[in-house]
Amino acid sequence: TLLKFCAGRLSCSVGRRVYTYGTLALMLLIVYRLFDLDPDLLPLFQYTCKQFSSPQECLSSPEFLDHIRKVMLVIDAAVTHLENLSSLEEYLVNLGKKHQAVGVKVDSFSAVGESLMFMLEKCLGTAFSPDVREAWTRLYGAVVKAMSHGWDA
Ligand code: HEM
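Residues numbered from 1 in each chain as written. Predicted model: local features only at pLDDT ≥ 70, side-chain atom pairs only at ≥ 80, totals over all residues. Heavy atoms only, no water.

**Examining helix H7 (residues 130-152)**
Stage number 1. With 23 residues, H7 should cover 33 Å at 1.5 Å per step; its first-to-last C-alpha distance of 33 Å lies within 8% of that length.
Stage number 2. Structurally, H7 contributes buried residues whose contacts are with helix H4 (62-80), helix H5 (89-101) and helix H6 (109-124). (Helix = DSSP H or I, 4+ residues; strand = E, 2+ residues; numbered from the N terminus. Expected span 1.5 Å × (residues − 1). Contact = heavy atoms within 4.5 Å.)

**A closer look at the pattern of salt bridges**
Stage number 1. Counting across every chain of the model gives 3 salt bridges.
Stage number 2. Arginine 69 is the salt-bridge partner of aspartate 66, the closest N and O atoms lying 3.2 Å from each other. In this pair, aspartate 66 and arginine 69 are both assigned in helix H4, 3 residues apart and thus about one turn of the helix distant.
Stage number 3. Residues glutamate 134 and arginine 138 are paired through a salt bridge, measuring 3.0 Å at the closest nitrogen-oxygen approach. Pair noted here: glutamate 134 and arginine 138 are both in helix H7, with a separation of 4 residues, about one helical turn. (Salt bridge = Lys/Arg side-chain N within 4 Å of Asp/Glu carboxyl O.)

**A closer look at the nonpolar core**
Stage number 1. One finds Phe35, Phe64, Leu65, Ile68, Leu92, Phe109 and Tyr140 to be the most contacted residues of the largest nonpolar core, which totals 35 residues.
Stage number 2. Once you skip the residues sitting within four places of it in the chain, phenylalanine 64 turns out to touch Val31, Phe35, Phe45, Tyr47, Phe52, Cys58 and Leu59. (Core = buried A, V, L, I, M, F, W, Y, C linked by side-chain atoms within 4.5 Å. Buried < 20%, exposed > 50% of the residue type's maximum accessible area, 1.4 Å probe, protein only.)

Below, the structure is given as structure tokens:
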């Protein structure tokens, strides 16, 4: 319990944002898993014309960490609107369009999904039962499906 408390309190700042080590550890899990699954995604993240050459470089970029926060916020919004996901449809289609514009392929979202599942599995341990996995997979699948409409539009 003390360790947990400390982990919650220990923090570090990247750019102007302050992260607790707990949050950073989760992001680390996602990032390493993502670039393990699909190293070709690395060059798609370019901020101020810099191109990252390693996951380590990504992790020291405030903009990149911010993107992981953005992904989490979208998932969070989907959980909040679980009963009425269609209310997010327009936002998600637009979000899809933005990703198409930066060169992302719909197929790449599956690597992000697997990285999220990997992180959840590591965090939840045995609590990540097949039912829980199924529920998260469905939720993420619904988000990606809506975003993918941005490619047809
Ligand atoms: C914006 C790349 C997956 C949510 C962006 C941007 C890039 C990018 C380059 C613009 C710069 C930025 O705001 O950081 C990617 C890549 C992905 C990916 C390569 C992997 C396949 C996702 C997923 C979600 C998401 C799965 C959510 C479920 C967002 C949001 C923004 C964004 C909310 C901000 C859009 C805005 O400015 O209105 N993404 N993304 N991204 N991404 Fe992604």
